[in-house]
Amino acid sequence: MKTLLKSKRFKIIIAIIALLLAGALICAANGRSETAQSGIIGFVFAPAQWAAAKISNAVEGVFGEASGNAEYLERIDELEKQVGSLQSQLNDFENMKKQNALYKDALGLKSENPSFTFVEAEATGRDAADIFGSYTINKGSLSGIKKGDAVLYGNYLVGTVDAAYPSYSVVKTILDPDFSVSVYEIVSGEISYITGDAALAAQGKCKMANLTSQTAVSHGSIISTAGISGSIPKGIIIGTVDEVDEDPSSVSYYASIEPGIDVDNISNCLVLINHGAVSDK
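Residues numbered from 1 in each chain as written. Predicted model: local features only at pLDDT ≥ 70, side-chain atom pairs only at ≥ 80, totals over all residues. Heavy atoms only, no water.

### Details of the overall build of the protein
Inference 1: Scanning the protein for helices and strands turns up 4 helices and 12 strands.
Inference 2: For the protein, with 281 residues in total, the buried portion stands at 32%.
Inference 3: Looking at the protein alone, contacts between residues at least 24 apart form 54% of all its contacts between residues at least 6 apart.
Inference 4: For the protein, the exposed surface amounts to about 16800 Å²; the carbon and sulfur share of it is 59%. (Helix = DSSP H or I, 4+ residues; strand = E, 2+ residues; numbered from the N terminus. Buried < 20%, exposed > 50% of the residue type's maximum accessible area, 1.4 Å probe, protein only. Contact = heavy atoms within 4.5 Å. Areas by Shrake-Rupley, 256 points an atom, 1.4 Å probe, with all protein chains shown as cover.)

See below:
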């Protein structure tokens, strides 16, 4: 008998009975009609049930949040597509506006000079190291373009074709020291020539050189091509005079010219392949 009372099996049975009795007493105290066994099981596993409920709620919250995030990300994706579409439309509008400006002035020039023949071209490349703004266009000799042809934006002179290849050409701008063309001041008729200058090119300007101290050219004067050489016709606007100053490299004066068009930011242009005059080249 003593051996039975000290055995592990007997102790486990006693513990189970004690739990059953405790469960019965708890149920009686709470006034519930559940069995002792179910009360004990509920009492023992209540913490586990509470933890499981919390975990379940957390999982539902995670999946609910994930679902909300998916809808949110989908909405962001839709808005990004709309923004991309609007940006594309805006880009098309800006290109159309530039083309309208290009053709508007060119048509005026064409109406005054019916013999003018233009080839439209787009800028396809630039040398970032070239401070004089030379660039490549997507039309060449197969389109009738040749070296020396005037390159315009509307009725403003951009430069001339420096080299023409079958499918592309290189444009030398009015900012380049190697560029030169005869010009005149439209009010006084004073004639000289414009060319580029490294210091002025950094400011996006060129110069009307070889002026005298008695020059009639002054701030605000409009400078236009004189058409003396024949390679570039008369009446193509260069720009306006910013200031007149003494040339430190000679005894003459010069006028710094603000071009009528920003040659560093041209996306398209017109090449004048025929203007009804005989070239002196």
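Continuing now.
### Regarding unusual backbone geometry
Inference 1: Phi at asparagine 210 is positive, roughly 60°, even though this residue is not glycine.
Inference 2: Classification of asparagine 210 as exposed rests on a relative accessible area of 52%.

### Concerning the layout of surface pockets
Inference 1: If you add up the space inside the largest pocket, you get close to 180 Å³.
Inference 2: Surrounding the largest pocket, 14 residues form its lining, Gly148, Thr160, Lys172, Phe179 and Ser180 being those nearest its centre.
Inference 3: Elements with a minimum of two residues in the lining of the largest pocket: strand E4 (156–164) and strand E6 (180–185).
Inference 4: Its residues assigned to classes, the lining of the largest pocket comprises 4 nonpolar, 5 polar and 5 charged. (1 Å grid on protein atoms, 1.4 Å probe; cavity = no way out; pocket = protein on both sides within 12 Å on 5 of 7 lines; lining within 4 Å. Points joined across faces, edges and corners; volume = space filled by probe spheres on them. Nonpolar A, V, L, I, M, F, W, Y, C, P; charged D, E, K, R; others polar.)

### Some points on the packing of aromatic side chains
Inference 1: For the structure on display, the rule yields 2 aromatic pairs.
Inference 2: On the basis of an interplanar angle of 90° and a centroid distance of 6.2 Å, the ring pair of phenylalanine 116 and phenylalanine 118 is categorised as edge-to-face.
Inference 3: Here the aromatic rings of tyrosine 165 and tyrosine 168 are separated by 4.7 Å at their centres, their planes lie at 25°, and the arrangement is stacked.
Inference 4: Among the residues examined, tyrosine 165 registers a relative accessible area of 36% and is labelled partly exposed.
Inference 5: By relative accessible area, which is 36% here, tyrosine 168 ends up partly exposed.
Inference 6: Lysine 207 extends its terminal NZ or CZ atom over the ring of tyrosine 254, reaching a point 5.7 Å from the ring centre.
Inference 7: Of note, lysine 234 hangs over the ring of tyrosine 184, and the distance from its end group to the ring centre comes to 5.2 Å. (Phe/Tyr/Trp six-rings, centres within 6.5 Å; stacked < 30°, edge-to-face > 60°. Lys NZ or Arg CZ within 6 Å of the ring centre and 35° of its normal.)

### Regarding the pattern of salt bridges
Inference 1: Enumeration over the complete set of coordinates arrives at 5 salt bridges.
Inference 2: For lysine 207, the salt bridge goes to aspartate 197, with nearest N and O atoms at 3.9 Å. Linking lysine 207 in strand E8 (residues 206–211) with aspartate 197 in the loop between strand E7 (191–195) and helix H4 (198–201), this pair joins segments that are 10 residues apart in sequence.
Inference 3: On the accessibility criterion, lysine 207 (12% relative accessible area) is buried.
Inference 4: Looking at aspartate 197, the relative accessible area reads 23%, which means it is partly exposed.
Inference 5: Shared partners join several salt bridges into a network, and the residues in it are Asp197, Lys207 and Asp247. (Salt bridge = Lys/Arg side-chain N within 4 Å of Asp/Glu carboxyl O.)

### What about a nonpolar patch on the surface?
Inference 1: Together, Ile186, Val187 and Ile222 line one region of the surface with nonpolar side chains, adding up to about 270 Å² of accessible area.
Inference 2: Summarising the element assignment, isoleucine 222 is placed in strand E9 (residues 222–225). (Patch = residues over 30% accessible without salt bridge, like charges linked within 9 Å, V, L, I, M, F, W, Y side chains within 5 Å.)

### Observations concerning the pairing of E4
Inference 1: By the bridge criterion, 4 bridges tie strand E3 (residues 150–153) to E4 in an arrangement that is antiparallel. The partner of leucine 152 across the bridge, within E4, is leucine 157.
Inference 2: Of the pairings in the sheet, the one linking E4 to strand E5 (residues 169–173) comprises 5 bridges and is antiparallel in character. Bridge pairing links glycine 159 to threonine 173 in E5. (Pairing = 2+ DSSP bridges.)

### Some thoughts on the environment of alanine 255
Inference 1: Position of alanine 255 relative to the elements: it lies in strand E11 (residues 253–259).
Inference 2: The class for alanine 255 is buried, based on a relative accessible area of 0%.
Inference 3: C-alpha separation for the pair alanine 255 and aspartate 245, spaced 10 residues apart in sequence, amounts to 6.3 Å.
Inference 4: Sequence-distant contacts of alanine 255, that is, excluding residues within four places in its chain, are made with Cys206, Lys207, Met208, Leu211, Val217, Val241, Glu243 and Val244.

### A closer look at the side chain of aspartate 149
Inference 1: The topology assignment puts aspartate 149 in the loop between strand E2 (135–137) and E3.
Inference 2: Residues in contact with aspartate 149, not counting those within four places in the same chain, are Gly144, Gly159, Thr160, Val161, Val271, Leu272 and Ile273.

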